[in-house]
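# Residue-level structural notes
If you want the building blocks of each chain, they are given just below.
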Amino acid sequence: MQQDLNDMVYFAEVAERGGFAAAGRALGIPKSRLSRRVADLETQLGVQLLQRSTRSLSLTPAGELYLRHCVAMRDAAQAAAEAVAQVQTEPRGKVRITCPVTLAQSAVGPLLPRFMQRYPAVRVEMLTLNRPVDPVEEGVDIALRVRPVIEDSATLVAKNFGESRGMLVANPEMLRRQGPVQTPHDLERLDTVAMSAAGDGRAVMRLEGPGGAEYVLHHTPRYLVDDLATLQFAVLAGTGAGVLPDYMCRADLRNGRLREVLPGWGPHPGICHAVFPQRRALVPAVRKLIDFLAENLNGADPQDYSI
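## Some thoughts on the overall build of the protein chain
When helices and strands are tallied, the protein chain shows ten helices and 14 strands. Expected size for 307 residues packed as a compact globule is a radius of gyration near 19 Å; at 25 Å, the protein chain overshoots this value by more than 25%. The C-alpha extent of the protein chain, read off along each of the three principal axes, is 80 × 45 × 35 Å. Looking at the protein chain residue by residue over its 307 residues, the buried ones come to 46%. Of all intrachain contacts in the protein chain linking residues separated by at least 6 positions in sequence, the fraction that spans at least 24 positions is 73%. Total accessible area on the protein chain is roughly 15,900 Å²; 50% of this is exposed by carbon and sulfur atoms. Computed over 35 positive and 34 negative side-chain charges, the separation of the two mean positions in the protein chain equals 4 Å.

Here it is as structure tokens:
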């Protein structure tokens, strides 16, 4: 049976993007034409690949099986073309990356000028966003995340850059005034700040300590704010103790403006990582940026980010 390989690509895009409209925009093909090509493909194969309704689109069992082969074919063709391009040219073109705001301000932002200095033909467009990003849906090459776990995905590859540890920190003068804090139970006497609380104003802080010990602090924060950078101002001013990512605390801990409240105790660490469509990682500029971040972001200190 002779198949049009373009139809396999069209089907893969429709399935991965969740509809004909989104796939049509990505491919630059009218929705009606795309729908007709996939319908012709189903007729040629003699099976239904998609379940269609007015509001949703889903794969049939045959469609799920066929999609795996279509994606493999499409990615192999893309890899072949880009492997040749990588041999012929230096990394060039635009890379779109998303990053949480505080990670961008504290770590990634200072790194990117070094990357662009190393690869002058590469352009970078970074969006700083405090919301989940789907790289496939939003046309992003690399999405940086800090989460407790790396989520499994059928369409995305993940690159682990290491752990980001939250630290319970406070203004030293506030600790002298309200301390000392020698055990987790002593935390109950401290004023606190936080990013969220329940409807009654109570918040929960879960801490892990030596030997896997755990302590859950129920507290009523003096100050609630849903932005980490603003929360940091409050901690520095002595409004209360709060949890901040380690990459935001290093400089202030070194110069004595902050102090770790209970060394050895802290929230469960998050994993700093990148997710990206596998085929985009084959593009030289994207691959170089992923590798650069892996080399420089894991355990890096902002004071080392001089250009």
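## Structural notes on empty space enclosed by the protein
Counting across every chain of the model gives one cavity of 30 Å³ or more. The computed volume of the largest cavity comes to approximately 30 Å³. Forming the walls of the largest cavity are Leu168, Leu187, Leu190, Thr192, Met205, Leu217 and Ala241. A breakdown of the residues in the lining of the largest cavity according to their chemical character gives six nonpolar, one polar and no charged.

## Observations regarding the layout of surface pockets
Size it by volume and the largest pocket reaches roughly 1,100 Å³. Along the wall of the largest pocket there are 40 residues; nearest its centre are Val146, Met195, Leu228, Val243 and Pro245. Elements with a contribution of two residues or more to the lining of the largest pocket: β3 (93-99), β5 (142-147), β8 (193-194), β9 (203-208), α8 (228-237) and β12 (242-245). No other element matches β5, which puts five residues into the lining of the largest pocket.

## Considerations on the side chain of arginine 147
Among the secondary structure elements, arginine 147 is positioned in strand β5. Of note is the side chain of arginine 147, whose polar atom sits 3.0 Å from the side chain of glutamate 151.

## Brief notes about the pattern of salt bridges
Taken as a whole and judged by the stated rule, the model has 19 salt bridges. Look at the salt bridges and you will find they share partners, linking Glu13, Glu16, Arg17, Arg74 and Arg279 into a network.

## Quick word on helix α3 (residues 31-45)
One full turn of an α-helix is made of 3.6 residues, so residues set three or four places apart face in the same direction. The end-to-end C-alpha distance of α3, which contains 15 residues, comes to 21 Å, matching closely the 21 Å that a straight helix rising 1.5 Å per residue would cover. At the exit of α3 stands glycine 46, carrying a positive phi of roughly 80°.

## Re the nonpolar core
Within the largest apolar cluster, 41 residues are counted, with the highest numbers of intra-cluster contacts made by Leu103, Ile142, Leu144 and Leu289. Elements with a contribution of two residues or more to this core: β3, α5 (101-118), β5, β7 (166-170), α8, α9 (246-254), β14 (270-277) and α10 (284-297). Among the nonpolar cores identified, the runner-up in size contains 17 residues, and Phe11, Ala12, Leu49 and Leu67 belong to it.

## Overview of the confidence of the model for the protein chain
The share of residues in the protein chain with pLDDT of 70 or more is 94%, and the mean pLDDT across the chain is 85. A low-confidence stretch, residues 300-307 stays under pLDDT 50, and its non-local contacts, those more than four residues away or across chains, total 20 contacts.

## A closer look at the packing of aromatic side chains
Under the definition given, this model contains three aromatic pairs. Measuring from centroid to centroid gives 5.7 Å for phenylalanine 11 and tyrosine 66, while their planes differ by 45°, and the two rings are tilted. With phenylalanine 11 in helix α1 (residues 5-17) and tyrosine 66 in helix α4 (residues 61-88), this residue pair connects regions lying 55 residues apart in the sequence. On the numbers, 5.1 Å between centres and 50° between planes, the contact of phenylalanine 115 with tyrosine 119 is tilted.

## Looking at the packing of α1 against helix α2 (residues 20-27)
The N-to-C vectors of α1 and α2 enclose an angle of 125°; their axes lie 8 Å apart at closest approach. The pairing of α1 with α2 is recorded here as oblique in orientation. Judged by the sense of rotation from one axis to the other, the crossing of α1 with α2 is right-handed. Where α1 approaches α2, its residues Tyr10, Glu13, Val14 and Arg17 are matched on the opposing element by Phe20, Ala22, Ala23, Ala26 and Leu27. Within the contact of α1 with α2, the residues separate by chemical class into seven nonpolar, no polar and two charged.

Rules used in this analysis
Residues numbered from 1 in each chain as written. Predicted model: local features only at pLDDT ≥ 70, side-chain atom pairs only at ≥ 80, totals over all residues. Heavy atoms only, no water. Helix = DSSP H or I, 4+ residues; strand = E, 2+ residues; numbered from the N terminus. Rg over C-alpha atoms; globule rule 2.2 N^0.38 Å. Buried < 20%, exposed > 50% of the residue type's maximum accessible area, 1.4 Å probe, protein only. Contact = heavy atoms within 4.5 Å. Areas by Shrake-Rupley, 256 points an atom, 1.4 Å probe, with all protein chains shown as cover. Lys, Arg positive; Asp, Glu negative; His and termini not counted. Charge placed at Lys NZ, Arg CZ, Asp CG, Glu CD. 1 Å grid on protein atoms, 1.4 Å probe; cavity = no way out; pocket = protein on both sides within 12 Å on 5 of 7 lines; lining within 4 Å. Points joined across faces, edges and corners; volume = space filled by probe spheres on them. Nonpolar A, V, L, I, M, F, W, Y, C, P; charged D, E, K, R; others polar. Polar contact = N/O pair within 3.5 Å; in protein donor to acceptor, adjacent residues only side chain to side chain. Salt bridge = Lys/Arg side-chain N within 4 Å of Asp/Glu carboxyl O. Expected span 1.5 Å × (residues − 1). Core = buried A, V, L, I, M, F, W, Y, C linked by side-chain atoms within 4.5 Å. pLDDT = per-residue confidence, 0-100. Phe/Tyr/Trp six-rings, centres within 6.5 Å; stacked < 30°, edge-to-face > 60°. Axes fitted to C-alpha atoms, helices over the stretch in contact; angles between N-to-C directions. Parallel < 35°, antiparallel > 145°, perpendicular 65-115°, else oblique. Left-handed = near helix turned anticlockwise from the far one by under 90°.

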